[in-house]
Amino acid sequence: MRALAFAAALAAFSATAALAAGALEAVQEAPAGSTEVKIAKMKFQTPEVRIKAGSAVTWTNTEALPHNVHFKSGPGVEKDVEGPMLRSNQTYSVKFNAPGTYDYICTPHPFMKGKVVVE
Ligand SMILES: [Cu+2]
């Protein structure tokens, strides 16, 4: 009986997990009110941003050297979210569906660090 209850709970949990979009979700179009972060001089110019759950951040590379945005898997991040390399004036947007603190780097320049705090 206990095993059956456990299996049912597990099934319910899996169904919920499958339905959820995930904490981080790359989106094609930045929703209105998206927070902007510029990339310049080998840095994320606003290294820490605070947003509300359900809103998005849009990164824009403003220099010739390509950069990206890379969230590694860990607590609250099911799997790596690794954005494409952005050339000058290209953008990338991620929607944050769950509260938490999400650290990121640029894949080829791991000393470039930033964080998104979702409330
Ligand atoms: Cu970079």
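Residues numbered from 1 in each chain as written. Predicted model: local features only at pLDDT ≥ 70, side-chain atom pairs only at ≥ 80, totals over all residues. Heavy atoms only, no water.

To continue, consider unusual backbone geometry. Located in the positive-phi region is K41, a residue other than glycine, with phi close to 55°. Along the chain, the position of K41 falls in the loop between strand 2 (35-40) and strand 3 (43-44). Despite not being glycine, N89 has its phi angle at roughly 70°, a positive value. In this structure, N89 sits in the loop between strand 7 (81-82) and strand 8 (91-96). Residue N89 is classed as exposed on the basis of its relative accessible area, which comes to 60%. (Helix = DSSP H or I, 4+ residues; strand = E, 2+ residues; numbered from the N terminus. Buried < 20%, exposed > 50% of the residue type's maximum accessible area, 1.4 Å probe, protein only.)

Turning our attention to the confidence of the model for the protein chain. Mean pLDDT over the protein chain stands at 87; residues scoring 70 or higher make up 82%. Within the model, the stretch residues 10-19 combines pLDDT values under 50 with zero contacts to residues more than four positions away or in other chains. (pLDDT = per-residue confidence, 0-100. Contact = heavy atoms within 4.5 Å.)

Coordination of the copper ion by the protein comes from H67 (ND1), C106 (SG), H109 (ND1) and M112 (SD), over a distance range of 1.9 to 2.8 Å. Considering all four donor atoms around the copper ion, the spread of angles at the metal, 87 to 133°, places the coordination shape in the tetrahedral class. Positions of the donor residues of the copper ion, expressed as sequence spacing, correspond to H-x38-C-x2-H-x2-M. Of this pair, H67 sits in the loop between strand 5 (56-61) and strand 6 (70-71) while H109 is found in strand 10 (residues 109-118), placing the two residues 42 residues apart along the sequence. (Donors = N, O, S within 2.8 Å, 3.2 Å for Na, K, Ca; no water. Tetrahedral: all angles 85-135°; square planar, octahedral: opposite > 155°, others 65-115°.)

What follows is about the environment of K79. When you line up the elements, K79 lands in the loop between strand 6 and strand 7. Taking relative accessible area as the criterion, K79 reaches 64% and is therefore assigned exposed. Sequence separation between K79 and A23 is 56 residues, and the spatial gap between their C-alpha atoms is 9.9 Å.

This brings us to the nonpolar core. L24, F44, W59, F71, F96 and V116 are the most contacted members of the largest nonpolar core, which has 23 residues in total. Breaking this core down by element, the ones donating at least two residues are strand 2, strand 4 (48-51), strand 5, strand 8, strand 9 (100-106) and strand 10. (Core = buried A, V, L, I, M, F, W, Y, C linked by side-chain atoms within 4.5 Å.)

The next point concerns the pattern of salt bridges. Counted under the stated rule, the structure contains four salt bridges. Across the salt bridge formed by E25 and K95, the nearest N and O atoms sit 3.9 Å from each other. With E25 in strand 1 (residues 24-27) and K95 in strand 8, the pair connects residues that are 70 residues apart, well separated along the chain. Classification of E25 as partly exposed rests on a relative accessible area of 26%. With a relative accessible area of 24%, K95 lands in the partly exposed category. Note that K52 is salt-bridged to E119, the shortest N-O span being 4.0 Å. Of the two residues, K52 sits in the loop between strand 4 and strand 5 while E119 sits in the segment after strand 10, which places them 67 residues apart along the sequence. Accessibility expressed as a relative area gives 56% for K52, which makes it exposed. Through salt bridges with shared partners, one network takes in E48, R50, K52 and E119. (Salt bridge = Lys/Arg side-chain N within 4 Å of Asp/Glu carboxyl O.)

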